[in-house]
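# Observations on chain architecture
Each chain, letter by letter, is given below.
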Amino acid sequence: MRQYAGNRIGLTVVGFVLLLFGGFVWLRGTHLAPKTKVVPPRLADSVADRSWMLWLFALLLVFLTLVCLRWLLLSLGWGRVGQRTETGAAMLTVGLKDLEGVSATSVRVVGDADRLRIGITCRASADLGAVVGKLDRELVGKIRREVCDNELGTLVRVHVRK
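First things first, this report covers the structure right here in the doc. (Residues numbered from 1 in each chain as written. Predicted model: local features only at pLDDT ≥ 70, side-chain atom pairs only at ≥ 80, totals over all residues. Heavy atoms only, no water.)

Looking now at the sheet that holds strand β2 (residues 102-110). The sheet built from 4 strands is open, its strands ordered β1-β2-β3-β4 with mixed pairing. Unpaired on one side and paired on the other, β1 (83-84) and β4 (153-161) mark the two borders of the sheet. In the sheet, β1 pairs with β2 via 2 bridges, with the strands oriented antiparallel. Across the sheet, the residue bridging to Arg84 is Arg108, located in β2. Of the strands in this sheet, β1, β2 and β3 (115-123) touch helix α4 (residues 86-95), which is tilted by about 150° from β2. (Pairing = 2+ DSSP bridges. Helix = DSSP H or I, 4+ residues; strand = E, 2+ residues; numbered from the N terminus. Contact = heavy atoms within 4.5 Å. Axes fitted to C-alpha atoms, helices over the stretch in contact; angles between N-to-C directions.)

Next comes the structure, spelled out in structure tokens:
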């Protein structure tokens, strides 16, 4: 759950700033006469004298748009490698349920069923020796047989959270 907090906080801040800026421009535009400009005259004159500032501002906005679009696509899950397998994750969760400190598990099949990725997130208080021992003795082989093939290459990542 904690891994998505950054995206939620970031999206909230960006949305709030955009809402404030849009409200400011809307209020500023509705209370002015039709011929009055929104941009202050000093700024308009300095930009007119230096046309490169408009290009710089436009490039900055394009860059910011591309960064935000990439962030949105990664938040939606595009660009992730592999396909999540719920059967393997369920087997892993059930196999590790008696061990204290395991907080999250995931199992992915990567490529054309040629690799298996197992991810486990543990708290700092977890007994990592017991987790790795149980994985090595029992769980990885069972998950490989159930998901695809017994000869499937497997990568196990154990993350320890503070």
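Having seen it, we continue.
Relative to the helices and strands, Thr121 is located in strand β3. Assessed through its relative accessible area of 14%, Thr121 is described here as buried. Leaving out residues up to four positions away in the same chain, Thr121 has contacts with Gly101, Val102, Ser103, Ala104, His159 and Arg161. (Buried < 20%, exposed > 50% of the residue type's maximum accessible area, 1.4 Å probe, protein only.)

Let's shift gears to the pattern of salt bridges. Counted according to the given criterion, the structure contains 1 salt bridge. Residue Asp98 is joined to Lys134 by a salt bridge in which the shortest nitrogen-to-oxygen separation is 3.3 Å. Here Asp98 is found in the loop between α4 and β2, whereas its partner Lys134 is found in helix α5 (residues 128-147), with 36 residues between them in sequence. The exposed category is assigned to Asp98, whose relative accessible area is 52%. Look at Lys134 and you get buried, because its relative accessible area is 13%. (Salt bridge = Lys/Arg side-chain N within 4 Å of Asp/Glu carboxyl O.)

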